[in-house]
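Given next are the chains, with one letter for each unit.
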Amino acid sequence: MTLSPARVPATGVHRLTRTLYGYAFLDDFVLLYPVYALLFADTGMSLWQISSLFALWSVTGVVLEVPSGAWADAMSRRRLLWIGPLLTAAGFSLWVVVPSYGAFAVGFVLWGAGGALGSGALEALVYDELDRLGAADRYARVMGRARAARLLGTVAATGLAGPVVARGGYEAVGAASFLACVLTALTATRFPEHRVRPESTGDTWATTLRTGLAEARGNRAVRGALLLVPAVAAVWGALDEYTPLLIRDLGVADATVPYLVMLIWAGVTLGSLLTGPAERRGTTGLAVLLAGAALALAVGGLARSLAGIVLVSLAFAGFQLAEVLADVRLQHRIDESCRATLTSVASLGTELATVATFGVYALLGTDMAHKTVFAVLAIPYLVTALALARARAATARP
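Presented here is a report on the structure given in the accompanying data block. Given the structure is predicted, the values throughout are model-derived calculations rather than measurements. (Residues numbered from 1 in each chain as written. Predicted model: local features only at pLDDT ≥ 70, side-chain atom pairs only at ≥ 80, totals over all residues. Heavy atoms only, no water.)

**Here's the deal with the environment of Ala148**
Take Ala148: it is sitting in helix α7 (residues 139–188). Excluding its chain neighbours within four sequence positions, the residues that come into contact with Ala148 are Thr269, Ser272 and Leu273. (Helix = DSSP H or I, 4+ residues; strand = E, 2+ residues; numbered from the N terminus. Contact = heavy atoms within 4.5 Å.)

Here it is, written out as structure tokens:
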């Protein structure tokens, strides 16, 4: 029987999205996520040591981010997507087998390397496969749902972390996290990949890197889209690491912390599902979204109550939604031949800004409570919202 032209793309899209959603869920189904800051603290790490570990994680991404994006444009993206989770699995195993500052540091290097291999490669593979199927206009909705799948994985893992750590300690959550990473790698092998790889035409990853950077330098729209990604993603991505400590300051038991972290990520998951409608709001809508989320973060951080945690959840939902919209803007503006490279350039900017945020947090946290630092770090989002509003007004002038 011959398949109709309409059915062939639909079948391809379904295979791609099923694999993507499964990969995204498993990639964040890591029971260590809501408790590893507590693991570090319980091992005797100071706030400065914990912040230095987070910074090392980001520095690893900074070093490998752009080269890994160029690799993804010069070789199989699918291959990088299954190698990355295996590196992360190795890092998690170190944390629970030999818990110490050195082991935590090596684990973060492995995790950072694994994340860098997938950063850029995943977005580029998904966009190009959708484009091949004539469904590039679905990218925003598909990636919004993928973010939601990630967050569902986070919420599910957070819900399980409490009882698992209560019964089996950090060793049990470490073993479950290792298994999740292995399953993520297996799922990645099922991604379709049909593009003609540059190595068949003689291009190298260095050539791809130079081409991508030249496009960023020569195209103002691409530069603006590149800068917007770290402006939206960096600060809240860093604050995420400190939410267990913010929650612990409420006076709740350690076993309760994962459940309140889960409350935060439940709101973020809901925000990811609003990508489609939000995309139609344009630059003005994005500016309003960022301003509202910034105010919710400031008020929620200072509240020191359950209601405040709900507001932080709403703020993170807004930032997550804005991050997806920023990625959509970027993907629509860059060429297929250097898509992963420029996506990684944007991620590099995010990692650099994240490292700076960790440093600022450690500096402010020396004399301020966690709630105050959260409120102060809402300011960059108000600045970004104002910049977007001014850019929109300038574009609207005759």
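Now that the structure has been shown, the text picks up again.
**Things to note about the packing of aromatic side chains**
Evaluated as defined, the whole model comprises 29 aromatic pairs. Relative to Tyr242, the ring of Phe54 has its centre 5.6 Å away and its plane inclined at 90°; by these criteria the two rings are edge-to-face. A residue pair is termed long-range when its members are at least 10 positions apart, and Phe54 in helix α3 (residues 47–74) and Tyr242 in the loop between α9 (220–239) and α10 (243–248) qualify at 188 residues. Under the relative-accessibility criterion, Tyr242 is labelled buried at 0%. (Phe/Tyr/Trp six-rings, centres within 6.5 Å; stacked < 30°, edge-to-face > 60°. Buried < 20%, exposed > 50% of the residue type's maximum accessible area, 1.4 Å probe, protein only.)

**Focus: unusual backbone geometry**
Leaving glycine out, the prevailing phi sign among residues is negative, and the prevailing peptide bond configuration is trans. Even without being a glycine, Arg304 presents a positive backbone phi close to 50°. Mapping Arg304 onto the fold places it in the loop between α13 (282–303) and α14 (306–333).

**Here we look at the packing of α3 against helix α15 (residues 339–365)**
In the contact formed by α3 and α15, the axes pass within 8 Å of each other and the chain directions differ by 170°. By the angle between their axes, α3 is roughly antiparallel relative to α15. (Axes fitted to C-alpha atoms, helices over the stretch in contact; angles between N-to-C directions. Parallel < 35°, antiparallel > 145°, perpendicular 65-115°, else oblique.)

**A look at helix α6 (residues 121–132)**
Taking 1.5 Å per residue as the helical rise, α6 with its 12 residues ought to reach 16 Å, and the 16 Å between its terminal C-alpha atoms agrees with that figure. For α6, the tally of buried residues reaches 10 of 12 residues, placing the bulk of the element in the interior. Immediately downstream of α6, the backbone of Gly134 shows phi near 70°, a positive value. (Expected span 1.5 Å × (residues − 1).)

**As for the nonpolar core**
The biggest cluster of nonpolar side chains holds 81 residues, and the ones touching the most others in it are Phe40, Trp95 and Phe316. Phe40 has contacts with Met45, Ile50, Leu53, Phe54, Trp95, Phe104 and Phe108, leaving out every residue within four places of it along the chain. In terms of nonpolar packing, the next biggest core, distinct from the first, is built from 30 residues, Val13, Leu16, Leu122 and Met143 among them. (Core = buried A, V, L, I, M, F, W, Y, C linked by side-chain atoms within 4.5 Å.)

**So, helix α11 (residues 257–272)**
With 16 residues, α11 extends 23 Å between its outermost C-alpha atoms, agreeing within 8% with the 22 Å of an ideal straight helix rising 1.5 Å per residue. Restricting attention to buried positions, one finds in α11 the residues Val257, Pro258, Leu260, Val261, Ile264, Trp265, Gly267, Val268, Thr269, Gly271 and Ser272.

**Regarding the pattern of salt bridges**
In total, this model carries six salt bridges according to the counting rule given. Here Arg150 makes a salt bridge to Asp27, at a shortest N to O gap of 2.7 Å. On the criterion of sequence distance, the pair formed by Arg150 in helix α7 and Asp27 in helix α1 (residues 7–27) is long-range, its members being 123 residues apart. Between Glu129 and Arg132 there is a salt bridge; the shortest N-O distance is 3.3 Å. Residue Glu129 and its partner Arg132 are both found in helix α6; the two are separated by three residues, about one turn of the helix. Since its relative accessible area comes to 4%, Glu129 is described here as buried. Each member of the salt-bridge network shares a partner with another, and the members are Asp27, Asp28 and Arg150. (Salt bridge = Lys/Arg side-chain N within 4 Å of Asp/Glu carboxyl O.)

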